[in-house]
Amino acid sequence: MSPLWVFGYGSLIWRPDFAFIDAQPAKLPGYSRRFWQGSHDHRGVPERPGRVVTLIEDVAANCHGMAYLIEAEIVESTFEQLDYREKNGYERLVTDLHLVSGTRVPGLVYIAAPGNFAYLGEAPLDEIARQILEAEGPSGRNIEYLHELAQALRRLEAHDEHVFALESLTRELGG
Ligand code: BEZ
């Protein structure tokens, strides 16, 4: 095994929870972040699933996040741990990441593809906002996840229309 980059675009941005030897803001070309994946195990429960982010192919877009470099000796155990944490429909994809330093590196990203068992897909933004406001699971309230993500993106100076629109809508609805 060699050291390996992993790209975080959801909770991995503010809570990586694993050891890394470098971390850099990064972008993933060709994808948009969307609250289209159901969460029955972290930010919701089976009777009232929450919504968390996945990546949707979008040729004209860039998804901004954080890339973490994991050292060779712990690559395998780190991904076993991440596979468990992200077990609700996500799969690993190896792709090219663009680091803020200007370098392009191969990296791994977790994507929940359309049609997976927990996929909820597109819905009107106000419906998504209400669902996020109402959901809560073992990892906490769904609204906290949305607000943590929006704050983390602001710290990265990354704009994400979808995330910021949902943040505004949930605030209007009292969240
Ligand atoms: C992330 O934070 O990048 C992430 C999102 C979904 C699944 C696994 C990781």
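Preceding block: the structure.
Residues numbered from 1 in each chain as written. Predicted model: local features only at pLDDT ≥ 70, side-chain atom pairs only at ≥ 80, totals over all residues. Heavy atoms only, no water.

Enquirer: An account of the pairing of strand S5 (residues 104-111) is needed here, citing residue identities and associated values.
Expert: Counting buried positions along S5 gives 6 out of 8 residues, so the element sits mostly inside the fold. Bridge count for strand S1 (residues 4-8) against S5 is 2 bridges, and the pairing is parallel. Looking across to S5, one finds that Val6 is bridged to Leu108. The sheet contact formed by strand S4 (residues 91-99) and S5 spans 8 bridges and is antiparallel. Residue pairing for S5: His98 is matched across the bridge by Arg104. Taking the residues that link successive antiparallel strands as the turn, the S4-S5 hairpin has 4 residues, and the phi of Gly102 there is positive, at about 105°. (Buried < 20%, exposed > 50% of the residue type's maximum accessible area, 1.4 Å probe, protein only. Helix = DSSP H or I, 4+ residues; strand = E, 2+ residues; numbered from the N terminus. Pairing = 2+ DSSP bridges.)

Enquirer: Residue-level account of the layout of surface pockets, with values.
Expert: If you add up the space inside the largest pocket, you get close to 160 Å³. Together, Pro25, Ala26, Lys27, His64, Gly65, His98, Leu99, Val100, Leu156, Glu157 and Ala158 line the largest pocket. If you tally residues by element for the lining of the largest pocket, the top one is strand S2 (residues 22-39), at 3 residues. Split by residue class, the lining of the largest pocket holds 6 nonpolar, 3 polar and 2 charged. (1 Å grid on protein atoms, 1.4 Å probe; cavity = no way out; pocket = protein on both sides within 12 Å on 5 of 7 lines; lining within 4 Å. Points joined across faces, edges and corners; volume = space filled by probe spheres on them. Nonpolar A, V, L, I, M, F, W, Y, C, P; charged D, E, K, R; others polar.)

Enquirer: Could you give an account of empty space enclosed by the protein, naming the residues involved and the relevant values?
Expert: Taken as a whole and assessed by the stated rule, the structure comprises 1 cavity of 30 Å³ or more. The calculated volume of the largest cavity comes to roughly 320 Å³. Ser11, Val52, Glu86, Tyr90 and Tyr145 are the residues nearest the centre of the largest cavity, which is lined by 23 residues in total. Listing elements by their share of the lining of the largest cavity, those giving two or more residues are S1, helix H1 (11-14), S2 and strand S3 (50-70). Counting residues per element, the lining of the largest cavity draws most heavily on S2, which supplies 3 residues. In terms of residue class, the lining of the largest cavity is made up of 8 nonpolar, 9 polar and 6 charged.

Enquirer: Before we move on, could you go through helix H3 (residues 125-134) and cite the residues and values that matter?
Expert: What H3 keeps buried is the set Ile128, Ala129 and Ile132. The arc that holds every buried residue of H3, seen down its axis, measures 100°, which confines them to one face. Contacts from the buried residues of H3 go to S2, S3, helix H4 (142-155) and helix H5 (161-172). (Arc of directions from axis to C-beta. Contact = heavy atoms within 4.5 Å.)

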